[in-house]
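# Inside the fold
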Amino acid sequence: MFRSTASGVATAIGALTSELVSRGARSDGSLVKAKLASASPADVLLQPIFNPVGGYASYIVPAAFMLILQPTLLIGAAMLTGTALASGGGAFAGVLGRGVAHLTIYLPVLVLYLIVLPRIYGFSTLGHLPQLFALATVFLLATSFLGQAIGAWFTRPENATLLLLATSLPQFFTAGFAWPREAIPEAARALGQLFPADHAIDGLVRINQLGAGIRDVAHDWLGLWCLALVYFALAVISAFAIRRRHAQS
């Protein structure tokens, strides 16, 4: 919408400038061309660097990949947590072990979404792979720990799908790439930052599509680490509380 408005405004300004320069002369005459050349001696050719095709897919699809990863891992981790807690074992080691297992399972998916598909679709891939996977690894761990912290309190595993699937669509807007962040209420933006995908979308798209470094996305890097540590602690506390309840019953 903004691009169409800007194009219309530029066309109107160009037509008005041509009329003012001509002053009654022919619009295709040499006088008008000389005046326009003096006002704009060089033609500017805009060439987008990070979005060569000029479409929406170059920045929406890479961000949507992260929104696909988060709810699938979140729901899967939450559904399997109840069964894992019933089998026994230490709370700390169990939460950490399940997080590493989820990370191992999702590594091929990361390769598909961050390396293979962007090259198939022709998106810009300017990021360094070690930095890309360093940020993506923390994102997956934070998502796994969040799913375990929530899933420990579900009495039925299928409830995780009903509850957590509904969070994916609001995340699509609060992430700030499908809807301007300036138009999003502060409360909604703060709520969206509780999910790891908010930081992962901004950081991974900047690294992979814009060629940023890990220092350029330090805010997202630290945010994901904070979420991972907080959700890990909550998952351990939840696992300990549920197992203590089962022992008492």
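Residues numbered from 1 in each chain as written. Predicted model: local features only at pLDDT ≥ 70, side-chain atom pairs only at ≥ 80, totals over all residues. Heavy atoms only, no water.

## A look at the packing of aromatic side chains
In this structure the tally under the stated criterion is 5 aromatic pairs. Arranged with centres 5.9 Å apart and planes meeting at 85 degrees, the rings of Trp221 and Trp225 form a pair that is edge-to-face. Here the residue Trp221 and the residue Trp225 both occupy positions in helix H10 (residues 218-248), the gap between them amounting to 4 residues, near one helical turn. By relative accessible area, which is 23% here, Trp221 ends up partly exposed. For Trp225, a relative accessible area of 36% translates into the label partly exposed. (Phe/Tyr/Trp six-rings, centres within 6.5 Å; stacked < 30°, edge-to-face > 60°. Helix = DSSP H or I, 4+ residues; strand = E, 2+ residues; numbered from the N terminus. Buried < 20%, exposed > 50% of the residue type's maximum accessible area, 1.4 Å probe, protein only.)

## Side note on helix H5 (residues 129-151)
Look at H5: 32 Å from first C-alpha to last across 23 residues, which is about the 33 Å you get at 1.5 Å a residue. Among the 23 residues that make up H5, 17 are buried, leaving the element largely enclosed by the rest of the structure. (Expected span 1.5 Å × (residues − 1).)

## Quick notes on the side chain of Gln171
Mapped onto the secondary structure, Gln171 falls in helix H7 (residues 168-174). Residue class for Gln171 comes out buried when judged on its relative accessible area of 3%. A distance of 3.4 Å separates the side chain of Gln171 from the side chain of Gln70, its partner in a polar contact. (Polar contact = N/O pair within 3.5 Å; in protein donor to acceptor, adjacent residues only side chain to side chain.)

## Structural notes on the pattern of salt bridges
What the rule picks out here adds up to 3 salt bridges. A salt bridge links Glu158 to Arg156, with the nearest nitrogen and oxygen atoms 3.9 Å apart. For the salt bridge of Glu186 with Arg189, the shortest nitrogen-to-oxygen distance reads 3.4 Å. Of the two residues, Glu186 and Arg189 both sit in helix H8 (residues 186-192), 3 residues apart, roughly one turn of that helix. Residue Glu186 is classed as exposed on the basis of its relative accessible area of 57%. Among the residues examined, Arg189 registers a relative accessible area of 23% and is labelled partly exposed. (Salt bridge = Lys/Arg side-chain N within 4 Å of Asp/Glu carboxyl O.)

## Details of helix H9 (residues 196-210)
Here H9 contains 15 residues, and its C-alpha end-to-end distance of 20 Å stays within 8% of the 21 Å for a straight helix at 1.5 Å per residue. Counting buried positions along H9 yields 12 of 15 residues, so the element is predominantly enclosed. Along its buried surface, H9 packs onto helix H3 (57-86), helix H4 (91-121), H5, H7, H8 and H10. Among the residues trailing H9, Gly211 stands out with phi positive, at a value near 75 degrees. (Contact = heavy atoms within 4.5 Å.)

## Thoughts on the confidence of the model for the protein
Averaged over every residue, the pLDDT of the protein is 83; residues scoring 70 or more account for 86%. Averaged pLDDT values for the elements of the protein fall to 63 in helix H2 (residues 30-39) and rise to 93 in H5. (pLDDT = per-residue confidence, 0-100.)

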